[in-house]
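Residues per chain are reported as follows:
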Amino acid sequence: MTFTPRVFSGIQPSGDLHLGNYLGAIRRFVPLQDTHDCIYCVVDMHAITVWQDPDDLRRATREVATAYIAAGIDPKKAIVFNQSQVMQHAELAWVFNCVARIGWMNRMTQFKDKAGKNSENVSLGLLAYPSLMAADILVYKATHVPVGDDQKQHLELTRDIAAKFNNDYAKSIADRGLGEDFFPITEPLIAGPATRIMSLRDGTKKMSKSDPSDQSRISLLDDADAIARKIKKATTDPAPLPETVEGLLGRPEADNLVGIYAALSDTSKAQVIAEFGGKGWGIFKPALAERAVAQLGPMGDEMRRLIEDTTTIDAILHDGAERARAIAEATMVDVRSIVGFIR
């Protein structure tokens, strides 16, 4: 079967979107809407795998939607919606729960990391999270998903689930004239430079909202002064910037800041080193701050404006959900028939 080139991606509404979310995901979504059918979701159903305050969840869901729009995603060109408005995600996830194997889920490194030694007491949803993620992607028969390093394993599982469904129901799919494979084997769109943004306080740890230090991350809602101040205080080593990219090895904080500058500039670390190699942090940090403020400042202003305009954001999410639901339901009509449900 030939599948329409389609991109799906989603961000969990966990609050306090930061520079890592922007460079690793949101900014990369924008150009794809000119080359693919794009569906961008706020995955609020994933968020409740751990308990969420309902008011905070609604606020964070709208915040992610505002970041999409403020970054340049056109809700008339791409589909922007929140997952819980399209219940076909949950319906297909149950079918996939019955296709996927427990062993597959237990091997997911993110589950192990999040559950830790408390795996007997975490929610079943946390274990089954990758099955819902597969449903998010495949209910739209998405052919491509932008992924970072931390999501590669989940996409591999999505591919395994699609292949097993296609194999398990091969005769039913063929009998209904639906081709050889019903679901595509989704391909990754590999992230570009500096997709893994590290903490400003510790270059060996990923930038995260869960870090107790607000100085460890640049929030997308930080104003220009806050952005500049956090970069100025970012942890570095005493040595100036190296003369070659290889000189960044073993210097995680230097490597992180050079990577951030490269990503914000749409350039490479080598080009950044060519410009700043041998110079001290007193020269590089102000240049980085200026670059970050120029790019993030207008986006933050637009996010703050949209956050106050909940009517507009809710209308965008509602319209996107209607468009997404139409695609998802077309898939589910066939899935129900394939697996043998009577309708």
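Further up the page is the structure itself.
So, how was this worked out
Residues numbered from 1 in each chain as written. Predicted model: local features only at pLDDT ≥ 70, side-chain atom pairs only at ≥ 80, totals over all residues. Heavy atoms only, no water. Salt bridge = Lys/Arg side-chain N within 4 Å of Asp/Glu carboxyl O. Helix = DSSP H or I, 4+ residues; strand = E, 2+ residues; numbered from the N terminus. Buried < 20%, exposed > 50% of the residue type's maximum accessible area, 1.4 Å probe, protein only. Contact = heavy atoms within 4.5 Å. Polar contact = N/O pair within 3.5 Å; in protein donor to acceptor, adjacent residues only side chain to side chain. Phe/Tyr/Trp six-rings, centres within 6.5 Å; stacked < 30°, edge-to-face > 60°. Lys NZ or Arg CZ within 6 Å of the ring centre and 35° of its normal.

### Observations concerning the pattern of salt bridges
All told, the structure shown has 18 salt bridges when counted by the stated rule. With its nearest N and O atoms 2.8 Å apart, the salt bridge here joins Lys164 to Asp168. Of this pair, Lys164 and Asp168 both sit in helix α8 (residues 152-168), 4 residues apart, roughly one helical turn. Taking the shortest distance from any N to any O, the salt bridge between Asp214 and Lys230 comes out at 3.2 Å. Linking Asp214 in the loop between β5 (187-190) and α10 (224-232) with Lys230 in helix α10, this pair joins segments that are 16 residues apart in sequence. Here Lys230 falls in the buried class, since its relative accessible area comes to 1%.

### Some words on unusual backbone geometry
Phi angles above zero are rare outside glycine, and Lys141 is one such case at about 50°. Positive phi is not limited to glycine here, since Asp266 has a value of about 55°. We classify Asp266 as exposed; its relative accessible area is 66%.

### Things to note about the environment of Ser172
On the secondary structure map, Ser172 appears in helix α9 (residues 170-175). Counting along the chain gives 15 residues from Ser172 to Glu187, while the straight-line C-alpha distance between them is 25 Å. Excluding residues within four positions of it along the chain, Ser172 makes contact with Ser337 and Ile338. Of note is the side chain of Ser172, whose polar atom sits 2.8 Å from the backbone oxygen of Ile338.

### Here's the deal with the packing of aromatic side chains
The geometry of an aromatic ring pair is captured by the separation of the ring centres together with the interplanar angle, meaning the angle of the planes. Inspection of the entire model under this criterion finds 15 aromatic pairs. Ring geometry for Phe96 against Phe165: centres 6.4 Å apart, planes inclined by 75°, an arrangement best described as edge-to-face. Highlighted residues: Phe96 in helix α4 (residues 88-97) and Phe165 in helix α8, separated in sequence by 69 residues. We classify Phe165 as buried; its relative accessible area is 0%. Grouped by ring-pair contacts, the aromatic residues Phe96, Phe165, Tyr169, Phe182 and Phe183 constitute a single cluster. Between the NZ or CZ atom of Lys141 and the centre of the ring of Phe182, over which it lies, the distance is 3.7 Å.

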